[in-house]
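A closer look at the structure
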Amino acid sequence: MKRYGNSFKEQALALLPGDANYDMCLTCGLCSSGCPATGLADMDPRKFLRMAALGMDEQLATTDWVWMCTMCQRCTHVCPMNIDIPKLVYHARTLWPREKRPKGIIGSCDVAMKTDTGSAMGARPEDFEFVVEDMLEEVKETQPEQADLSVSMNRTGAKFFLNQNSREPMTEPDEMVPLWKILNVVGADWTYSSVGWAAENYCMFAADEEAWEKIVRTKVKAVEDLNCEVWLNTE
Ligand code: SF4
Ligand code: SF4
């Protein structure tokens, strides 16, 4: 059985499955070459990992760079040793007091927690329903070839449950339409829900595990309540 101490690396190791080990790094640099955060705050994923291996705990727990990582997991996918750097970054984020984490991310998480839509922009169920209906009407009026375009809302038993990033209905509603058209052309059986529809989850980026889980559970419940088979998250 693995035993772990209190250092940054040891705590992060406890989060990894099986025999995974940060000391396995070959220092090949593949992770850094494709990382969008490489060079920011004088850091990159390989350097971050080497610092962990060298036990530079204090620097890792305080560098702003952890908030610049997009959690895209590109580094993990290219790593020949399958090392999960974003998990280490996530761990570093949890070491920050909540009030010191970036205000934009924390604020979006807090707003999302106040609605049963999960929207980081605070959109309510009726806002989403109104915008979708309004946009659909406009498309049909201005694009005669789209006369048969349809969008379901809260339809039970559809195969696909579609999420949507809040930014689209709230600021760029026409951005929702291309996907509607594609789903219509292929004859997909899909629906939106007026609750749990927001695709984003800033609580994950905020490293607020409890809030992250609550939001995911709200979304899962919405999928199950409509008895949909597949949850399509566009994020
Ligand atoms: S890609 Fe993997 S093995 Fe190579 S430097 Fe990055 S973490 Fe180390
Ligand atoms: S998950 Fe973070 S560290 Fe890895 S490639 Fe993406 S931004 Fe870089």
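Residues numbered from 1 in each chain as written. Chains lettered and ligands numbered in written order. Predicted model: local features only at pLDDT ≥ 70, side-chain atom pairs only at ≥ 80, totals over all residues. Heavy atoms only, no water.

All right, on to the overall build of the chain then. Scanning the chain from terminus to terminus reveals 12 helices and three strands. Its C-alpha atoms give the chain principal-axis dimensions of roughly 65 × 35 × 35 Å. Here the chain, with 235 residues, has 42% of them falling under the buried criterion. Counted over contacts in the chain with a minimum sequence separation of 6, partners at least 24 positions apart contribute 70%. Counting every atom, the chain has about 12600 Å² of accessible surface; 53% of that belongs to carbon and sulfur. (Helix = DSSP H or I, 4+ residues; strand = E, 2+ residues; numbered from the N terminus. Buried < 20%, exposed > 50% of the residue type's maximum accessible area, 1.4 Å probe, protein only. Contact = heavy atoms within 4.5 Å. Areas by Shrake-Rupley, 256 points an atom, 1.4 Å probe, with all protein chains shown as cover.)

What the domain assignment lists for the chain is domain 1 (8–96) and domain 2 (103–232). Its C-alpha centre places domain 1 at a distance of 32 Å from the equivalent point of domain 2. Of the residues lining the interface, six residues belong to domain 1; the matching set on domain 2 comes to eight residues. When the two sides are added together, the surface that domain 1 and domain 2 hide from each other amounts to roughly 510 Å², 63% of it contributed by carbon and sulfur. Interface area lost by domain 1 to domain 2 is led by Trp 67, Tyr 90 and Arg 93, which between them contribute 77%. Summed over the shared surface of domain 1 and domain 2, the number is zero salt bridges. For the pair domain 1 and domain 2, the number of links is two residue pairs in polar contact (both at pLDDT 80 or more). (Domains from an automatic or database assignment. Buried area = accessible area lost by both parts, 1.4 Å probe. Salt bridge = Lys/Arg side-chain N within 4 Å of Asp/Glu carboxyl O. Polar contact = N/O pair within 3.5 Å; in protein donor to acceptor, adjacent residues only side chain to side chain.)

The environment of ligand 1 is made up of Cys 25, Leu 26, Thr 27, Cys 28, Gly 29, Leu 30, Cys 31, Arg 46, Leu 49, Cys 79, Pro 80 and Ile 85. Secondary-structure elements contributing two or more residues to the shell around ligand 1 are helix 2 (30–33) and helix 3 (45–53). Tallied by class, residues from the shell around ligand 1 come to nine nonpolar, two polar and one charged. (Near = heavy atom within 4 Å. Nonpolar A, V, L, I, M, F, W, Y, C, P; charged D, E, K, R; others polar.)

Right, let's get into the sheet that holds strand 3 (residues 230–232). Pairing in this open sheet of three strands is parallel, and the strands run 2-1-3 from one edge to the other. Taken across any chain shown, the strands that pair with only one partner, and hence form the sheet edges, are strand 2 (190–191) and strand 3. The sheet contacts of helix 12 (residues 209–225) involve strand 1 (160–162) and strand 3, and relative to strand 3 the element is tilted by about 130°. (Pairing = 2+ DSSP bridges. Axes fitted to C-alpha atoms, helices over the stretch in contact; angles between N-to-C directions.)

For the rest of this paragraph, the subject is the site of ligand 2. Around ligand 2 sit Cys 35, Pro 36, Pro 45, Trp 65, Cys 69, Thr 70, Met 71, Cys 72, Gln 73, Arg 74, Cys 75 and Pro 86, and that is every residue in its neighbourhood. Taken together, the residues of the shell around ligand 2 break down into nine nonpolar, two polar and one charged.

Roughly 230 Å³ of internal volume is contained in the largest pocket. Mapped by element, the contributors of at least two residues to the lining of the largest pocket are helix 6 (85–94) and helix 12. Considering each element in turn, the lining of the largest pocket owes the most residues, four residues, to helix 6. Here the residues of the lining of the largest pocket sort into six nonpolar, two polar and three charged. Two domains each provide a minimum of three residues to the lining of the largest pocket, namely domain 1 (8–96) and domain 2 (103–232). Of the voids in this model, the second largest pocket is the one considered here, and its volume is about 180 Å³. (1 Å grid on protein atoms, 1.4 Å probe; cavity = no way out; pocket = protein on both sides within 12 Å on 5 of 7 lines; lining within 4 Å. Points joined across faces, edges and corners; volume = space filled by probe spheres on them.)

So, about the state of the cysteines. The tally for this structure, following the rule as stated, stands at one disulfide. A disulfide bridge connects Cys 109 with Cys 203, and the sulfur atoms are separated by 2.2 Å. Between Cys 109 and Cys 203 the sulfur-sulfur dihedral comes to about 100°; the bridge is accordingly right-handed. Separated by 94 residues along the polypeptide, Cys 109 in helix 7 (residues 103–113) and Cys 203 in helix 11 (residues 202–205) bring together distant segments of the chain. Judged by relative accessible area, which is 0%, Cys 109 ranks as buried. (Disulfide = S-S within 2.5 Å.)

Of note, Ala 41 is a non-glycine position whose phi angle comes to about 50°, a positive value. In this fold, Ala 41 is placed in the loop between helix 2 and helix 3. Unlike most non-glycine residues, Asn 82 shows phi in positive territory, near 60°.

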